[in-house]
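Fold and contact review
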Amino acid sequence: MTHPSQPAARHGGILRRPTVVATVPFALAALLGAAGPASAMTSGSSGVGDPYFPLSGNGGYHVAHYGLTLRYDPASRHLDGKAVLTARATEKLTRFDLDFKGLTITGLTVDHVKAGFRRDGQELVVTPRRALRKGQEFQIAVAYNGVPKQVTDPDGSADGWIATDDGAFVAGEPQGAMTWFPANSHPKDKSSYDFTITVPQGRTAVANGVLLGQKTVHGKTTFRWHAPEPMAAYLATATVGKFKVEQYTTRDGVKVYNAVDPREATAAAPVLKKLPSVLEWESKLFGPYPFRSAGSIVDHAPDVGYALETQGRPIYDSAPDLSTLVHENAHQWFGDSVSLTSWKDIWLNEGFATYAEWLYSEQHGGKTAQQTFDALYARKATDDLWAFPPGDPGSGANIFGTPVYARGAMALHELRLAVGDKTFLAILRAWAGGHRYGHGTTAQFISLAEQKSGKKLDVLFHTWLYTKGKPAKP
Ligand code: TRP
Ligand code: ZN
C-alpha cells in the first residue's frame, strides 16, 4: 500500500503536459429563433453561480434523465452522438443554456420541434419555438458529431473525452462532461442515465450502471448501460478500449463489472480481487452501498495522471494500488451519492475519501490514522500541505491540491478525537444516509456533527477547515 496521503500519486505530473488549448469554432449557426422584445425574455442563467466555475451548469431547469446514444471510432477518433434530455423548467423560459464544447451540432429539437440555438464558448444557448412554462416537463434532443477535444482544467490537468491508443478514457471532473454530451454540467443537478454505445467489434464501451446487453452486428458491437440512481454529469463515463471483462454479483446483490486493459491486468488482478471485501468493509462503516452496480475500469492511459470515482464504477488510468481502490470506492458514498453544491466544498469529497484510506490502513494492520496524522503534522509550516485551508481552496486551480486531501482528512481526524470513535462513525453514517442521492454542504456537515455529538465544534472546524497556515498544536 502506498502512503495514503499522496494525492500526487493520483494526479502526479499534471503540470507536465503542454496540453492542447481547446479552440472553439464559434457560432457555427446563429439560428436564434424569434427573439421577442428584451423585456419579455426569461432566460435561464449561463451558470449556477459556482464561483470557481461560473459557467458550469445552468439556471432555469433541471434534467431528470439523459439518454445518450454514441458511436465511436477509435481509429479516426470520430464521435457521433445523440443526446435526449428530459428536463423540467423551474421558471418560465424563452431561452436556456446547456454546457457543450466543441463538436458540431447537426440537429436540435425541443419537444420534437426544431429549436434555435447559438454557441458561445461552452454555452449552448437554446431558444425553443414556444416559451416553456414554469414547471413544464420538456425534452431536448441534440444530434452532434466530430472529434471530441479534452478540456484543460485550471490546474493544468486534462479531463473529458481523452483519446487513448485503443479508445478513450472518459472522466469529467470537474468540467469535462461538456466535451462529449450537452449537459447541465454542475453537481447541483443530478439525473438518471441510459447509454447506448457502438464501437468496432473487439472494443468494449463501459459506462455507468448495469449492462443491459451487448450485441454485435456487421463488425460493430453495441453496449447498453442503465444507470438509474441520480448522478452528477462529471461522474458519467463512456470509456472505450480493448478490455478484459469480469462480471459477478456480490453477496449484497451488487452487480460488479470490471474492465481491464490487458497491459494492466497482471498488476491490477491482486487489487481488484479485494474489491468485494473493500465494499463490504466500507458498507459496514458508512452504511449500505448506494448503487446497484460496482466495479472498475482499469485503462492504460499514461498521460492522464489520476483516477476518478465515476459513479458505480471508478476509472483508473493504470492498475490502482489498494489505497486508491479504497479511495475511489469511498467516494461512492462521499461525493457520488452525496454531491457537492459548490466546488469550494470539495474537501467533503476528497477529505472523506482520504480518511477512508487512513481507516482502512488502521483496520488492516497498517499505520493508524493517528500515525498518518502525526507524520503530516510534522511537515514544516512552509510545506504545500499548509498552502491554503481545505474549506476555502480559493480557486478551481486548487481543488485537487494536497490541503484538500490531506488536511481535509486531518480535519476529520480531529473531529474523531473530539467526539470519540463511536460518535464519529455515527456522524459519517448519518451523513451518507441522510443525504443519500442528494447533496450536502460543509455547514450542514458541521451542524450534523454538533447535533450527533452534543458538542460545540465551531472552533475545531474553523481551525482545520478555514484558518490559513499550519494550525497550532492540537
Ligand atoms: N477526484 C479524483 C480523486 O481524487 C481526482 C481527480 C479527478 C483529479 N479529476 C482530476 C485530480 C483532475 C486532478 C485533476 O479520486
Ligand atoms: Zn478523490
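Residues numbered from 1 in each chain as written. Chains lettered and ligands numbered in written order. Predicted model: local features only at pLDDT ≥ 70, side-chain atom pairs only at ≥ 80, totals over all residues. Heavy atoms only, no water.

1. Quick look at the site of ligand 1
Let me state the cut-off plainly: Residues are counted as near a molecule or strand when any one of their heavy atoms sits within 4 Å of it. N or O atoms within 3.5 Å of each other form a polar contact, as long as, within protein, one can give a hydrogen and the other can take it, and as long as residues adjacent in sequence are counted only when both atoms are side-chain atoms. Each residue gets one label: Ala, Val, Leu, Ile, Met, Phe, Trp, Tyr, Cys and Pro are nonpolar, Asp, Glu, Lys and Arg are charged, and the others, such as Gly, are polar.
Close contacts around ligand 1 come from 16 residues, with Ser 157, Glu 173, Glu 328, Glu 350 and Tyr 405 the closest. Contact distances for ligand 1 include 3.0 Å between a nitrogen atom and a side-chain N or O atom of Glu 309. The contact in question runs from an oxygen atom of ligand 1 to an N or O atom on the side chain of His 327, over 3.3 Å. For the shell around ligand 1, the residue count by class is five nonpolar, four polar and seven charged.

2. Focus: the coordination of the zinc ion (ligand 2)
The line we're drawing: A donor here means any N, O or S atom no more than 2.8 Å from the metal (3.2 Å for Na, K and Ca); water is not included, so a site may seem to lack partners. Each helix corresponds to a stretch of at least 4 residues labelled H or I by DSSP, and each strand to a stretch of at least 2 residues labelled E; elements are numbered beginning at the N terminus. Here's how the labels work: a residue is buried when its accessible area is under 20% of the maximum for its type, exposed when over 50%, partly exposed in between, all with a 1.4 Å probe on protein chains only.
Protein-derived coordination of the zinc ion (ligand 2) comes from His 327 (NE2), His 331 (NE2) and Glu 350 (OE), at a distance range of 1.9 to 2.0 Å. Of note, the donors binding the zinc ion (ligand 2) are all from one chain and are spaced H-x3-H-x18-E. Of this pair, His 331 sits in the loop between helix H4 (322-330) and helix H5 (347-363) while Glu 350 sits in helix H5, and the two are 19 residues apart along the sequence. Exposure remark for His 331: the relative accessible area of 0% places this residue in the buried category.

3. Brief notes about the pattern of salt bridges
Note that side chains of opposite charge can pair when their charged atoms are close. Under the convention used in this document: The salt bridge definition used is simple: a Lys or Arg side-chain nitrogen within 4 Å of an Asp or Glu carboxyl oxygen.
Summed over the entire model, instances satisfying the criterion amount to nine salt bridges. Between Asp 166 and Arg 263 there is a salt bridge, with its nearest N and O atoms 3.6 Å apart. Residue Asp 166 is located in the loop between strand E10 (158-163) and strand E11 (168-171), and its partner Arg 263 is located in the loop between strand E18 (255-260) and helix H2 (265-272); the two are separated by 97 residues in the primary sequence. Here Asp 166 falls in the buried class, since its relative accessible area comes to 4%. Taking the shortest distance from any N to any O, the salt bridge between Asp 421 and Arg 416 comes out at 3.0 Å. Its relative accessible area of 44% is what places Asp 421 among the partly exposed residues. A residue is classified by how much of its surface remains accessible, and Arg 416, at 9% relative accessible area, is buried. When salt bridges with common partners are traced through the structure, they connect Asp 165, Asp 166, Asp 261 and Arg 263 into a single cluster.

4. Considering the nonpolar core
We apply this condition: Here, nonpolar core refers to any group of buried Ala, Val, Leu, Ile, Met, Phe, Trp, Tyr and Cys residues whose side-chain atoms link them within 4.5 Å. Here a residue-residue contact requires only that any non-hydrogen atoms of the pair lie within 4.5 Å.
Among the nonpolar cores identified, the biggest contains 140 residues, and Trp 180, Phe 181 and Phe 195 are the most heavily contacted of them. Those residues in contact with Trp 180 that lie beyond four places of it in its chain are Leu 68, Leu 70, Leu 79, Phe 100, Leu 103, Tyr 144, Trp 161, Val 170, Phe 195, Ala 236, Thr 237 and Ala 238.

5. Details of H2
For clarity, the threshold we go by: What the arc measures is the spread of directions leading from the helix axis to the C-beta atoms.
All of the buried residues along H2 are Ala 265, Ala 268, Val 271 and Leu 272. The arc enclosing the buried residues of H2, seen along the axis, measures out at 130 degrees, which places them on a common side. Against strand E17 (244-249), E18, helix H3 (275-286), strand E19 (293-298) and H4 lie the buried residues of H2.

6. Details of the confidence of the model for the protein chain
Using the following cut-off: Note: pLDDT gives the predictor's confidence per residue, expressed from 0 to 100.
Per-residue confidence for the protein chain gives a mean pLDDT of 92, with 91% of residues at or over 70. Residue range residues 1-40 is modelled with pLDDT below 50. Its contacts to residues more than four positions away, or to other chains, number 70 contacts.

7. Thoughts on the environment of Pro 390
Along the polypeptide, Pro 390 turns up in the loop between helix H6 (369-377) and helix H7 (402-419). With a relative accessible area of 0%, Pro 390 lands in the buried category. Beyond its immediate chain neighbours, meaning those up to four positions away, Pro 390 contacts Lys 344, Trp 347, Pro 403, Val 404, Arg 407, Gly 408, Trp 464 and Leu 465.

8. Here we look at the sheet that holds strand E14 (residues 210-217)
Strand pairing in a sheet takes place through backbone hydrogen bonds and is either antiparallel or parallel in direction. Heads up, the rule is: Strand pairing is assigned whenever DSSP identifies at least 2 bridges connecting the two strands.
An order of E5-E4-E8-E2-E1-E12-E15-E14 is seen for the eight strands of this open sheet, with the pairing classed as mixed. Edge strands, defined here as strands with exactly one partner in the open sheet, are strand E5 (113-114) and E14. Note that strand E4 (residues 104-110) and strand E8 (residues 137-146) share six bridges and pair antiparallel. Each residue of the ladder has a partner; that of Thr 109, found in E8, is Ala 141.

9. Observations concerning the UniProt feature "domain: Aminopeptidase N-like N-terminal" (unreviewed entry) in the protein chain
Spelled out, the test is: UniProt positions are given in the numbering used here, feature names are shortened, and annotations may be inferred rather than shown by experiment.
What UniProt calls "domain: Aminopeptidase N-like N-terminal" (unreviewed entry) maps, in this numbering, to residues 64-235. In residues 64-235, helix accounts for 0% and strand for 60%; the two terminal C-alpha atoms are 15 Å from one another.

10. Some details on H5
Formally: By this rule the span expected of a helix is its residue count minus one, scaled by 1.5 Å.
A rise of 1.5 Å per residue sets the reference length of H5, with its 17 residues, at 24 Å; its end C-alpha atoms lie 23 Å apart and thus fit the reference within 8%. Where H5 terminates, the next one or two residues include Gly 365, which has phi positive at roughly 80 degrees.

11. A word on the pairing of strand E6 (residues 116-120)
Working note: regular strand, side chains alternate between the two faces of the sheet. Note that E6 and strand E7 (residues 123-127) share five bridges and pair antiparallel. When the sheet's bridge partners are listed, Gly 116 is paired in E7 with Thr 127. Turn length for the E6-E7 hairpin, with the two strands adjacent in sequence and antiparallel, is two residues, and the turn residue Gly 121 shows positive phi of about 60 degrees.

12. Overview of empty space enclosed by the protein
Under the convention used in this document: A cavity, in this analysis, means grid points on a 1 Å lattice covering only the protein atoms where a 1.4 Å probe fits yet has no way out; a pocket is instead an open set bounded by protein on both sides within 12 Å along at least five of seven lines, and a residue lines either one if it has an atom within 4 Å of a point. Grid points are joined across faces, edges and corners, and a volume is the space filled by probe spheres set on the points.
This model, assessed by the stated rule, comprises six cavities of 30 Å³ or more. Counted as a void, the second largest cavity has a volume near 80 Å³. Residue composition of the lining of the second largest cavity, by class: four nonpolar, two polar and three charged.

13. What to know about the pairing of E19
Burial runs high along E19: six of the six residues are buried. Burial along E19 is two-sided: Ser 293, Gly 295 and Ile 297 and Ala 294, Ser 296 and Val 298, pointing in opposite directions, are all buried. As paired elements, E18 and E19 share six bridges and run parallel to each other. Bridged to Val 256 within E19 is Ala 294.

14. Focus: unusual backbone geometry
Omega for the peptide link from Glu 173 to Pro 174 comes to 0 degrees, which places this bond in the cis form. Examined against the element boundaries, Pro 174 turns out to sit in the loop between E11 and strand E12 (190-200). Positive phi outside glycine occurs at His 218, with the angle close to 45 degrees. Relative to the assigned elements, His 218 resides in the loop between E14 and strand E15 (220-232). With a relative accessible area of 80%, His 218 lands in the exposed category. Located in the positive-phi region is Tyr 437, a residue other than glycine, with phi close to 65 degrees. The residue Tyr 437 is located in the loop between helix H8 (421-434) and helix H9 (442-453) in this model.

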